[in-house]
Amino acid sequence: MTTTTPAPPVAPTAAKPVHTAPSKRRPARRSTPLTIAMLAALAYFLLPLFWLLIASTKNTQDLFNSFGLWFSHAPQLLANVRETFTQDDGVFVRWLLNTLMYAVVSALGAALLAAAGGYGFAKFRFRGDRAAFNLVLGAVMVPTTALAIPTYLLFAKAGLVNTPWAIILPSLVNPFGLYLMRIYAQDAVPDSILEAARIDGAGEARIFFRIALRLLGPGLVTVLLFTLVATWNNYFLPLIMLNDPDLYPITVGLSSWAAQAQNGGAGASSDMLALVVTGSLISILPLVVAFLLLQRYWQSGLATGGVKQ
């Protein structure tokens, strides 16, 4: 009987470390024409703001007699701001509050309607949905100035001319915002979450307000910012809809001051043009604050829309 002796255990050999050559980063390529183009674009956008800041420190005489992109010998920004807020019994404050009310109400309403419409187009199928969405796309191409006169005639029939509703209601319609929210809702709101909520017995309204609206938050902020800026800077619609100076937004109000400065009408002062420039500077500050407060939501919305879930 033969016996087999077990083979002696083989000592494990240490794995040889694999030495990889350090990766060499390619040096960043710099393009001189692209740098020049970016600097030109930066100057194009920032120079008007810089001029506005400098011009707000001057009186009317210095606006014409001094260099436009530098301060005069006697800057008077605080005096211009004080006179702007006290001119015509403080009507500038009323214009500023009117503009704030028009812009905030219109932006919130337009963002909510765009979110509801975009969510409906993205997550529901109904007869004529494609034709209705194509109609929305066609409405994006129509300039708002082309609709101003028909809108005025409709509001005149309804008795809404020279009321705040004449500015707010047309601003609630935002075809581009609806299109943007439809594209955003396709990926931002998973169908599995909606089905799970329906199985749990949640109604469609509750699903939208408790689930979908939270997921649509970054896109909602984007539409809100666009509508806020558009309504804040709107000039033509309030010009034809309003004839009461107490209802003017800041755009139409400053335009009336500029007309007084040019024509020397009633209430015009020697520094009226300087007050128009200072009022223009003050009018852009709320927009800057809004962008600074909401930019993180806007940036996250752009990043979410660029990643496939």
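Worth saying up front: this structure is predicted, and the values here are computed from it rather than measured.

What follows covers the nonpolar core. Core analysis: the biggest nonpolar cluster contains 47 residues, and F92, Y119, L216, M241, L242 and W257 have the highest contact counts within it. Beyond its immediate chain neighbours, meaning those up to four positions away, L242 contacts Y102, N162, T163, I167, L247, Y248 and P249. Counting residues in each nonpolar core, the second largest holds 6 residues, with L52, A55, A274 and V277 among its members.

Structurally, T151 can be placed in helix α6 (residues 148-158). Along the chain, T151 and V161 lie 10 residues apart, while their C-alpha atoms are 9.9 Å from each other. Those residues in contact with T151, other than ones at most four positions away along the chain, are P170 and M241.

Taken together, L47, F50, W51, F67, L69, W70 and F71 make up a surface patch of nonpolar side chains, about 710 Å² in accessible area. Secondary-structure assignment places W51 in helix α1 (residues 32-55). With relative accessibility at 37%, the residue W51 sits in the partly exposed group.

A few words now on helix α5 (residues 129-140). Residues spaced three or four apart along an α-helix face the same direction, because each turn holds 3.6 residues. In this model, α5 (12 residues) spans 17 Å end to end at C-alpha, consistent with the 16 Å of a helix rising 1.5 Å per residue. Within the span of α5, buried status applies to D129, F133 and V136. The arc enclosing the buried residues of α5, seen along the axis, measures out at 50°, which places them on a common side. The outward face of α5, more than 90 degrees from its buried face, is lined by the exposed residues R130, A131 and L135. Check the buried side of α5 and you find it contacts α4 (91-123) and α8 (175-188).

Moving on to the pattern of salt bridges. When charged atoms on two side chains of opposite charge get close, those side chains can pair. All told, the structure shown has 4 salt bridges when counted by the stated rule. For R94, the salt bridge is made with D246, and the minimal N-O distance between the two is 3.9 Å. Of the two residues, R94 is situated in helix α4 and D246 in the loop between α12 (236-241) and α13 (250-263); the sequence distance between them amounts to 152 residues. One salt bridge in this structure joins R198 and E204, with 2.7 Å as the shortest N-O distance. Judged by relative accessible area, which is 27%, R198 ranks as partly exposed.

Turning to the confidence of the model for the protein chain, a few remarks are in order. Of all residues in the protein chain, 84% attain a pLDDT of 70 or more, and the chain-wide mean is 84. Low pLDDT, under 50, characterises residues 305-309; the predicted model gives this stretch 6 contacts beyond four residues in sequence or across chains.

This part takes up the environment of F176. By the element assignment, F176 lies in helix α8. Each C-alpha atom of the pair F176 and L137 lies 7.6 Å from the other, and the pair is 39 residues apart in sequence. In this structure F176 touches V140 and F226, once residues within four positions along its chain are discounted.

This paragraph deals with the packing of aromatic side chains. Scanning all chains against the criterion turns up 12 aromatic pairs. For the pair F92 and W257, a centre-to-centre distance of 6.2 Å together with 20° between the ring planes defines the contact as stacked. Linking F92 in helix α4 with W257 in helix α13, this pair joins segments that are 165 residues apart in sequence. As far as burial versus exposure is concerned, F92 and W257 are alike and both buried. Here the aromatic rings of Y119 and F208 are separated by 5.3 Å at their centres, their planes lie at 45°, and the arrangement is tilted.

Another point: the packing of α4 against α8. The contact between α4 and α8 brings their axes to 7 Å, and the two run at 50°. As judged from the angle between their axes, α4 and α8 are oblique. Crossing of α4 over α8 shows right-handed handedness. Counting all contacts with α4, which are made through A114, A115, G117, G118, Y119, F121, A122 and K123, the residues of α8 involved are G177, L178, M181, R182, A185 and Q186. In terms of residue class, the contact of α4 with α8 is built from 8 nonpolar, 4 polar and 2 charged.

Rules and cut-offs
- Residues numbered from 1 in each chain as written.
- Predicted model: local features only at pLDDT ≥ 70, side-chain atom pairs only at ≥ 80, totals over all residues.
- Heavy atoms only, no water.
- Core = buried A, V, L, I, M, F, W, Y, C linked by side-chain atoms within 4.5 Å.
- Buried < 20%, exposed > 50% of the residue type's maximum accessible area, 1.4 Å probe, protein only.
- Contact = heavy atoms within 4.5 Å.
- Helix = DSSP H or I, 4+ residues; strand = E, 2+ residues; numbered from the N terminus.
- Patch = residues over 30% accessible without salt bridge, like charges linked within 9 Å, V, L, I, M, F, W, Y side chains within 5 Å.
- Areas by Shrake-Rupley, 256 points an atom, 1.4 Å probe, with all protein chains shown as cover.
- Salt bridge = Lys/Arg side-chain N within 4 Å of Asp/Glu carboxyl O.
- Expected span 1.5 Å × (residues − 1).
- Arc of directions from axis to C-beta.
- pLDDT = per-residue confidence, 0-100.
- Phe/Tyr/Trp six-rings, centres within 6.5 Å; stacked < 30°, edge-to-face > 60°.
- Axes fitted to C-alpha atoms, helices over the stretch in contact; angles between N-to-C directions.
- Parallel < 35°, antiparallel > 145°, perpendicular 65-115°, else oblique.
- Left-handed = near helix turned anticlockwise from the far one by under 90°.
- Nonpolar A, V, L, I, M, F, W, Y, C, P; charged D, E, K, R; others polar.

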